[in-house]
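Examination of the molecular architecture
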Amino acid sequence: MKYSTKRLTLLALLAALTFVLGYFTKIPIPGGYFTLLDAGIFTTAMLLGKREGLIVGALAGFLNDFIAGYTAYMFFTLVIHGLQGYLGVATKNKALNYLLATLVMVGGYFVADMFIVGSLAVALPDMAINAVQTSVGFVVALLLTEILKKSGALHGLKTN
């Protein structure tokens, strides 16, 4: 798919906003942090599409881990949050999209924790936290998407 300058600028802005949302809402937890990054990823995907969700998720998540000092997770995050953005709107069924994105997020970070830390004592509690983070992000995105569409703030932009 070829992107116009306007579309690329919009994606860059959304990636930056999603990064900021994730970085400044992070709550430290053992082995990482809880954040609203997912809300920005899902909102982008719901408004603009799965490819755009993939791009914003991968970029914002990668930068978040890099800046926050979780460099061991950066490349895992690039893939996990990219897939999360893509799968968040992969089908017309919102419940299935949520389930797929949650499985990728929870399963992806379980694998990452086991690879990086090698401890079930870290990986198992993180599964619950990641499930909550994805759930909160998805619900916030559902609400925010409706508000943005109804407000007219996206007038002139091609949205889903």
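Just so you know, the residues in each chain are numbered from 1, in the order the chain's sequence is written. Where totals are concerned, whole chains, interfaces and linings use all residues; where local detail is concerned, this predicted model gives features only for residues with pLDDT of at least 70, and gives and counts side-chain atom pairs only at 80 or more. By convention in this description, side-chain values take in all heavy atoms of the structure and omit both hydrogens and water.

An unreviewed UniProt entry lists the protein under the name ECF transporter S component, with Lactococcus muris given as the organism.

A few words on helix 5 (residues 94-116). A turn of α-helix holds 3.6 residues, and therefore any two residues three or four places apart point the same way. Helical segments are the DSSP runs of H or I of at least four residues, strand segments are the runs of E of at least two, and each set is numbered from the N terminus. One fewer than the residue count of a helix, multiplied by 1.5 Å, yields its expected span. If you check helix 5, its first and last C-alpha atoms are 32 Å apart, about what 23 residues at 1.5 Å a residue would give, namely 33 Å. Of the residues making up helix 5, those classed as buried are Asn97, Ala101, Thr102, Val104, Met105, Val106, Gly108, Tyr109, Ala112 and Asp113. Any two residues whose heavy atoms approach within 4.5 Å are treated as being in contact. On its buried side, helix 5 packs onto helix 2 (37-48), helix 3 (50-68), helix 4 (74-87) and helix 6 (120-151). Polar contact is the term for a pair of N or O atoms within 3.5 Å; when the atoms are in protein, one must be able to donate a hydrogen and the other to accept it, and sequence-neighboring residues count only if both atoms are side-chain atoms. Capping the start of helix 5, Asn93 holds a side-chain oxygen 2.9 Å from the backbone nitrogen of Ala95, two or three residues further along. Two residues or fewer past helix 5, Gly118 is found with a positive phi of approximately 70°. Each residue's exposure class comes from its accessible area (1.4 Å probe, protein chains only) as a fraction of the maximum for that residue type: buried when under 20%, exposed when over 50%, partly exposed otherwise.

Turning our attention to the side chain of Thr43. By the element assignment, Thr43 lies in helix 2. With relative accessibility at 7%, the residue Thr43 sits in the buried group. The contact partners of Thr43, leaving out residues within four places of it in the chain, are Ala141, Leu144, Thr145 and Leu148.

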